[in-house]
Amino acid sequence: MSNRVALCAVAQIKNENDAWHARFQNMLHECFESIMTQTKVSFDMDKGIRNIITCSDDMFDARTISNNGITDVVGAQFRGEEKMSQESINGLGYAMSCIMSGHDDVILFMGHCKESQGESRRMVTNLTFDPFYCRPIGMDHLNVSAMQARAYMKKSGVSEEHLAKIVVRSRKNSKKNPNARDNKMVDEKEVMNSPLLADPIRELHYYPVTDWAYGMLLCTEERAREFTDNPIWITGYGSCMDSYFLGDKDLASNFSLKNASSRAYKMAGIKDPKKEINLFELSDQSAYQLPMWAEGVGIADEGKGGKWIEDGGMDKYNVNLSGGMLNGNPLLLGGAARAIECFLQLRGEAGERQVKGVKKALAQASYGPAAQHQAVVIMEK
Amino acid sequence: MSHRKKNRNVGIIGIGQTRFSSHREDVNQPEMIHEAVSAALKDAGLAMKDIDCIVHGNMELFEMVHQPDCWHTLGTGAYGKESFRITTGGTVGATLSCAADNLVASGMYDIVMAIGFEKLQEGHTTGGITNMADPLWFRNLQTGALTGSKAYDMISEFGEERAKKASVMYRIIMDKHAVKNPMAHRAFGLEFEQLDDLVRTSPKLVGDLKLIEMCSQSDGACVVIFAEEKTAKKISKKPVWIRDHITVHREETFILFGYDEKHPVPMTHRFAAENLYKRNNIKEPLEYFDVFEMYDPASWWAVDWIRDFFQLKDDEHLKLVENKEIMIGGKMPINPSGGVIASNPIGATALVRIAEAALQIRGDAGDHQIPTEVKHALASGFGGTMWTVLTMLEKDLNW
Amino acid sequence: MSLEYDKKDCFIVEGKLALPYTYFPGRLGSKFITTIRDKKIIMGVNCPKCKKVYVPPRQVCEKDFTDIRDNWVELQNTGEVVNFTVVRYDDRHLPRKAPFVLALIKLDGADSPFMHILEEIDISEVKAGMRVEAVFAKETTNTILDIDHFKPSKVAKISMSDRSGSAGSCDPGVGSVPHMKKQSGGRGDMYNKVIITAALTGAATMKNQNENVPYEPEEFANEAYKCYKAGAAMVHVHARESNGMATHDHARIKATHDAIKDKCPELIVNLSSAVGMGKTPEQRISQIVAIKPEMASLNTNTMNFSIIDRKTGKIFIDFVFENTFTMLQDFAKAMLENGVKPEIEIYDMGGLDNFMLIGKQGIFSAPYNLNFVWGVAGGQAFRADAFIALKNAMPENANFTTCGVGQDQFPAITQSCLLGGHMRVGLEDNIRVPSGEIAKGSYEQVEWAVRIAEALGRVPATPDEAREIMGLKKK
């Protein structure tokens, strides 16, 4: 690799359950102004931002070419703008390539999603499926995740009690995160008594509908000090796609995450993630995914997710101190939320939830039915 | 330093296209994509296992599939591989090429496959495009991608007869090219003798934009494989090098609200071309380039845009068209493939421009190969609200 | 940062995305849906590389783009629930009111489960592993919902021993039985290419029986070349001395092996690890280790291996062919260590059991390549039902070929071809062609085998295709 990519600044609005009063342009604009103020970056054709990467979704925005509606508020008037149409975490991978290729010095990376705008988030994810074999049956991300939950919990000895523990902890952690969605504190009994959505997934096991926007500024190693005294380095990225049809794959296998994380570790030169990485932010859309992804990135032993929870693995490895996706981030933006938490922790700016001595952190996110696609980013101080 | 040296050179080593047509009932989306994937792999002499990463793009709402790359894995070969999905509206095909170039040049991947496709037959294109407009300000006024404003501008500037004739002349030239391209969707066999008739009889869509002047809606896919220099030289006898690319967007809604004839808003095409040529030290683009594959969604736009892309003055662009200098064999052949006006599977369209420009450099364009050597090619993408992507392709690594 | 401002005068625009869409399922999808609609039959496609039947169908296998669009397999309308969820929320995209069950169902005859609705059952009684059957819609919609849903079924899973039975008739109007059964030897099993092997000599066939039996290395090479030209992908070789005696002499075996490879580099050479009568275990395996052919035979049981007059039962030569468990183990290990793929010689069901038992040590690499041998005096004679019993008893990820001694040769290979297996001919097993005339060489029998394959619609595998099928290292 020719050089390191710097993450110089992040901005976000608070995760909200229904930002009905704000257009997504407003939400982005808040973040945009914050990045400008923090970094004093310009849009000069020579020295400034020439290319902007955005992350949004046509279905959630109910707009064809959703990035078309935000050109002005992300500063793309007469500059380049490219939309990451997958999980936002992949936008970080792509931003790395723009910078490492030599094509761009500075990249602004912004994203938005208002899950509350649509009538049903599940209806949107039904459209992920082909119109012939899957869509008419009513498949959506939730009921497909339920299949994965059943398969994984059986394989790894994860129980209802374990899931309850994960949810209670997520809510507690979110209290210390001022940008986290405001959720009610719950105890384990409440979790276990919450209504089933799609067996074995209960209402409190599943991430709530959320609106959010963010911004990040990335640049070359040489230019980082122009924008911040304290850059964070993105040193590894890896992704992997699994099969599409549910029946074609072993739902509990972590095939794509194992590949994605080992590719990211290779790029970042990490041999033993347990020892070398101090903090993990995993995109747990549903509670079962937290131990499952922990196995996938190699901090829990294969097939031992249940025991890992009991042995205090979540705290031992500093997993999801932000509250995680489970506390509420919009679909496709969970990865950006994870990366932003890693950034804050690495900079020592995570407030009440700050962990001492975080040198390397990992952000993970997935998209697609039963987490068909996985990606992992490694960040360093 | 404004624009750094590319970390490593990137070459096109494989090209595959489906035939473009209005209907593809015989295949579903991943099956149609697979045709182009297979063709590109065959062209490159590679198997799927050789590909490190896939970049996929189209417009979700045109077929109403959310995150379509998940389902399309059945045809793209993405299983087990790294993959990106990057979209920018009509420019998406060109953006796929830019993204593949960046991904390879970065050193993160050695071989990247860019996949653009659209099955417009399955959706409702004009409805889909109308949904681009802001629901509060503009959606009730939008007429899809159809607009008569460029015709109005050109008639005002050059007079009705000359402007209308230039537009139809351009259209006939494109058709003459399309007839030579077996992949083209629409190839009517138009003759120059029909020019006056067509000006008079072709039904009007919006203002002076006539049916014959508008691009088609097509089904089809295009795949281009990119590799870093060493790999490209090893695998391909004739790699085509990506020299540079530039993307320029523009906010449209509020620009139109403030439209003022005396203070015209700068064109993204002109702005993109100016900046691209400046940083690559191209003084006379009309002399430098040997062929231009332009995203020409309608002939009025196309004629006008020639002026922007080549930084021309006054009526120089009209003369190029009127004197047939844009034909195969002319001074600046434009769209030997027949262009977008002949075939427009939107998500693939701009990538087809890159693919066709590369085929011209390779000398592999068959019947629509231009007769003189092609060393330098330009390809454009158009989309969104006057967005531009421009890409420079080179035969030799000598810039 | 949060959006703190006066929200008093904010209003909301109600909108809806309502665009028409027309999706084309393509040829495959159309056939899948119309077969359900018109015949009440659910179809999958078979991938010969993965050895899996996939449903829903697809044109190419996503693993490596193997084209599988024509490999249709009829599945049963019964199957097993492998995973499920109870959908307890209502939404407009859902086909039923909550609560209802979505299940991943593995149909009998398929390897990949697919998702559908499960009804006519108390939700609390849904279990993974339960048997279900398709209920077809009364009115067609030309969608996957032409299977209206699945319901619990009393039809037991078709056991392995039933699989090869004759086809049941299909009458979907009357409920769950009778069903179309998956058959061994149906079209579904015959998609793959057939590997033809020529066993050029054996240890016992002599020139006085058929003058075309090769002794000299160059004779072997010429004979092998003719077989290759005729359609064989592999030759099985017992080297001979110039006087015709089977030999364990490394130099002679190597000369024979190399002569064949020089003349015909593509061909797979499979050496015998039996060599001939009265050889010691050391003599038998050391030549394999020394020469390291791509493949070698590996025998699975100790048995009588004699020459008996077939008409009178008179014993000409009595011989015990010794293949103890220890030898099976040691030979297998030696082959694994030296990169030689064993062809596992199965003389009866006990031999197959021996292989599976010793195989628990993990000393065989998949795919396993079995050869069912018929008609040895001391082994079992060819019987069609015994063949099917052997096929059904095979472990997963196994290929099979067959050879028969004398008159068993052509019936045995025909059945193998019919069941999707491979074929071995050659003068080792039989000196004649089916017309009764003396064969002009092993190659003439190869020509007959090719004709059998053609008649059954199968295509002979090239040596490289055979390597692919049998899991040999790519040359």
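Residues numbered from 1 in each chain as written. Chains lettered and ligands numbered in written order. Predicted model: local features only at pLDDT ≥ 70, side-chain atom pairs only at ≥ 80, totals over all residues.

(A) Spatial organisation of helix 8 (residues 409–418) of chain C. Residue and element names in this part refer to chain C. Summarising burial for helix 8: 8 of the 10 residues are buried, a large majority. All of the buried residues in helix 8 are Q409, F410, A412, I413, T414, Q415, S416 and C417. Looking at the buried side of helix 8, the elements it contacts are strand 18 (368–374), helix 7 (384–393), strand 19 (398–404), strand 20 (423–425) and helix 9 (442–455). G420, located one to two residues past helix 8, shows a positive phi value of around 90 degrees. (Buried ≥ 20, exposed ≤ 12 C-beta atoms within 10 Å, placed from the backbone. Helix = DSSP H or I, 4+ residues; strand = E, 2+ residues; numbered from the N terminus. Contact = placed C-beta atoms within 7 Å.)

(B) Expanded view of the domain arrangement of chain C. Assigned domains within chain C: domain 1 (26–155) and domain 2 (189–470). Taking only C-alpha atoms, the centre of domain 1 of chain C and the centre of domain 2 of chain C are 42 Å apart. (Domains from an automatic or database assignment.)

(C) The confidence of the model for chain C, seen in detail. Residue and element names in this part refer to chain C. With 91% of its residues at a pLDDT of 70 or more, chain C has an overall mean of 88. Overall, residues 158–185 carries pLDDT values under 50, and its contacts beyond four positions in sequence, including any with other chains, amount to 47 contacts. Two numbers describe this predicted complex: its pTM, 0.76, and its ipTM, 0.96. (pLDDT = per-residue confidence, 0-100.)

(D) Just the environment of C:C61, in detail. All names here are of chain C. Looking at the secondary structure, you find C61 in the loop between strand 2 (52–54) and strand 3 (72–74). Distance in space between the C-alpha atoms of C61 and C50 is 8.5 Å, their sequence separation being 11 residues. Setting aside residues up to four positions removed in sequence, C61 forms contacts with C47, K49, C50, T66 and I68.

(E) Local environment of the sheet that holds strand 3 of chain C. Residues and elements named next belong to chain C. Spatially, 3 strands are ordered 2-1-3 in an open sheet, and the strand pairing comes out antiparallel. For this open sheet the edge positions go to strand 2 and strand 3, each flanked by a neighbour on one side alone. Each adjacent strand pair in this sheet contributes to an overall mean axis angle of 45 degrees, direction not counted. (Pairing = 2+ DSSP bridges. Axes fitted to C-alpha atoms, helices over the stretch in contact; angles between N-to-C directions.)

(F) Structural context of the interface of chain C and chain B. Tallying the contact residues gives 20 residues for chain C and 22 residues for chain B. Partitioned by chemical class, the residues of the side of chain C that touches chain B number 10 nonpolar, 5 polar and 5 charged. (Nonpolar A, V, L, I, M, F, W, Y, C, P; charged D, E, K, R; others polar.)

(G) Representation of unusual backbone geometry in the model. Following A:D199, the chain continues into A:P200 via a peptide bond in cis, with omega recorded as 0 degrees. Within the secondary structure, A:P200 is located in the loop between strand 5 (196–198) and strand 6 (201–202). The residue after C:V55, namely C:P56, is reached through a cis peptide bond having omega -5 degrees. Counting through the fold element by element, C:P56 comes out in the loop between strand 2 and strand 3. Even without a glycine there, the phi angle at A:A62 is positive, about 55 degrees. As for its placement among the helices and strands, A:A62 is situated in the loop between helix 2 (58–61) and strand 3 (80–84). In this structure, C:K40 takes a positive phi of about 55 degrees despite not being glycine. Counting through the fold element by element, C:K40 comes out in the loop between helix 1 (26–39) and strand 1 (43–47).

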